[in-house]
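These are the residues of each chain, in order.
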Amino acid sequence: MASAKVITRRVAILGGVAGAGWLVGHADTLTLSPDFSNVFHAVEDWTKTTQRGLLVGDRLAKEYSTSDISPVFKANGTLDPGTNEYNAHVAQNFASWRLKIDGMVANPMSLSIPELRRLPRRTQITRHDCVEGWSAIGMWTGVPLGLLLKAAALKPGARYAVFHCTDNLTGEPAKGGEQSPGQYYESIDLRDGFHPQTIIAYAMNGKPLDVAHGAPLRLRVERQLGYKQAKYVQRIEITDSFSQIAGGRGGYWEDRGYEWYAGI
Ligand SMILES: Nc1nc2c(c(=O)[nH]1)N[C@H]1C(S)=C(S)[C@@H](COP(=O)(O)O)O[C@H]1N2
Ligand SMILES: [Mo]
């Protein structure tokens, strides 16, 4: 960090970023170092921004109290990615897992779990609703995604965050027929990306995420349905379009007929 070249620059986030207008023309101190030091420089400013309440104006999902937490939170979809690579990460307690943030960013980043744990965190108790007809209330702790996006310094024209997961589904039948297999992925727009309840969670109910619930990192985007809550996240790609990714509809289930905006 000492050798990181610190520069002062303006974060240029231009049109098409609904809900993130507060960043426009906002002077920032960032570094050119392509990893963790960027985040620290964004933290101070992020804290000031949230304290000023500039993120308000977007509806919050209902939050619950600890007594509401479901005794059993069903796990769904992939319960264990089960690849040799993933099993090795489990054996090492995810010591070499990295969250990469790349695409339309000035500062691509690669963050370890301990690095993420050192950042400002948010804890929220929310209800998860799966389209299959079940719900559960859980407590999630993680880093606000907006803070990471700010540290990564989005390029003009950026519109979506795409979450690439490590699991490959075998192709479950859905909406009339066998489906082809594919890697799980999801995407959200930057309005949800900067929403205060959108976090990259590393803990559930006060404990590190377990394998069934997405260890070591998952998305929580609380105003949307269960299938948007990507588990086993390894990479966040910032893009202006997801039409070139997999089936082009912005998510594993979207490619199989589900709505892209899964509002609750
Ligand atoms: N990587 C990945 N993320 C995923 C899934 C999945 O199969 N793989 N399933 C989704 C669905 S449909 C739901 S309801 C939730 C389930 O989260 P849980 O296992 O923590 O209950 O994860 C979502 N995220
Ligand atoms: Mo789901």
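Coordinates for the structure precede this section.
These numbers were taken from a predicted model, which means no experiment stands behind them.

Asker: Could you clarify how one ought to interpret the pattern of salt bridges in this entry?
Answerer: Under the criterion given, the structure shown has 8 salt bridges. The partner of Arg 127 in a salt bridge is Asp 129, with the nearest N and O atoms 2.8 Å apart. Note that Glu 254 is salt-bridged to Lys 228, the shortest N-O span being 2.9 Å. Of this pair, Glu 254 sits in the segment after β12 (233-239) while Lys 228 sits in the loop between β11 (218-221) and β12, placing them 26 residues apart in sequence. Judged by its relative accessible area of 1%, Glu 254 is buried. The exposure class assigned to Lys 228 is buried, which follows from its relative accessible area of 0%.

Asker: Sorry, what's going on with the site of ligand 1 here?
Answerer: Around ligand 1, the structure places 21 residues, and the nearest of them are Lys 74, Asn 76, Asp 167, Arg 218 and Lys 231. Note that an oxygen atom of ligand 1 is positioned 2.9 Å from one of the backbone N or O atoms of Thr 78. At 2.6 Å from an oxygen atom of ligand 1 is found a side-chain nitrogen or oxygen belonging to Lys 231. Protein coverage of the free-state accessible area of ligand 1, which is 530 Å², stands at 98%.

Asker: Would you explain the sheet that holds strand β7 (residues 160-169) in this entry?
Answerer: Within a sheet, each strand pairs with its neighbour through backbone hydrogen bonds, oriented either parallel or antiparallel. Spatial strand order, β4-β3-β12-β7-β8: 5 strands in an open sheet with mixed pairing. Either end of the sheet is taken by a strand with one partner, and the two such strands are β4 (109-112) and β8 (182-189). If you compare each strand with its neighbour and ignore which way they point, the axes differ by 20° on average. Pairing geometry for strand β3 (residues 98-103) and β4, over 4 bridges, is antiparallel. Among the inter-strand pairings, Leu 99 is bridged to a residue of β4, identified as Leu 111.

Asker: I keep staring at the packing of aromatic side chains and nothing clicks. Help me out?
Answerer: Overall, the coordinates contain 13 aromatic pairs when judged by the stated rule. Among the aromatic residues, those joined into a ring-pair cluster are Tyr 184, Tyr 227, Tyr 252, Trp 253 and Tyr 258. The residue whose ring lies beneath Lys 62 is Tyr 64, and the NZ or CZ to ring-centre distance is 5.0 Å. We note Arg 256 situated over the ring of Tyr 252; from NZ or CZ to the ring centre the distance is 3.7 Å.

Asker: Quick question: what am I supposed to make of the nonpolar core here?
Answerer: Considering soluble globular proteins, one finds that nonpolar side chains tend to be buried as a cluster. The biggest cluster of nonpolar side chains holds 60 residues, and the ones touching the most others in it are Val 39, Leu 116, Leu 148, Phe 163, Ile 200, Ile 236 and Ile 238. Those residues within four positions of Val 39 in sequence are excluded, and the remaining contacts are Met 109, Leu 111, Leu 119, Leu 148 and Ala 151. Listed in part, the 5 residues of the second largest apolar core include Val 162, Tyr 185, Phe 242 and Ile 245.

About the criteria used
Residues numbered from 1 in each chain as written. Chains lettered and ligands numbered in written order. Predicted model: local features only at pLDDT ≥ 70, side-chain atom pairs only at ≥ 80, totals over all residues. Heavy atoms only, no water. Salt bridge = Lys/Arg side-chain N within 4 Å of Asp/Glu carboxyl O. Helix = DSSP H or I, 4+ residues; strand = E, 2+ residues; numbered from the N terminus. Buried < 20%, exposed > 50% of the residue type's maximum accessible area, 1.4 Å probe, protein only. Near = heavy atom within 4 Å. Polar contact = N/O pair within 3.5 Å; in protein donor to acceptor, adjacent residues only side chain to side chain. Areas by Shrake-Rupley, 256 points an atom, 1.4 Å probe, with all protein chains shown as cover. Pairing = 2+ DSSP bridges. Axes fitted to C-alpha atoms, helices over the stretch in contact; angles between N-to-C directions. Phe/Tyr/Trp six-rings, centres within 6.5 Å; stacked < 30°, edge-to-face > 60°. Lys NZ or Arg CZ within 6 Å of the ring centre and 35° of its normal. Core = buried A, V, L, I, M, F, W, Y, C linked by side-chain atoms within 4.5 Å. Contact = heavy atoms within 4.5 Å.

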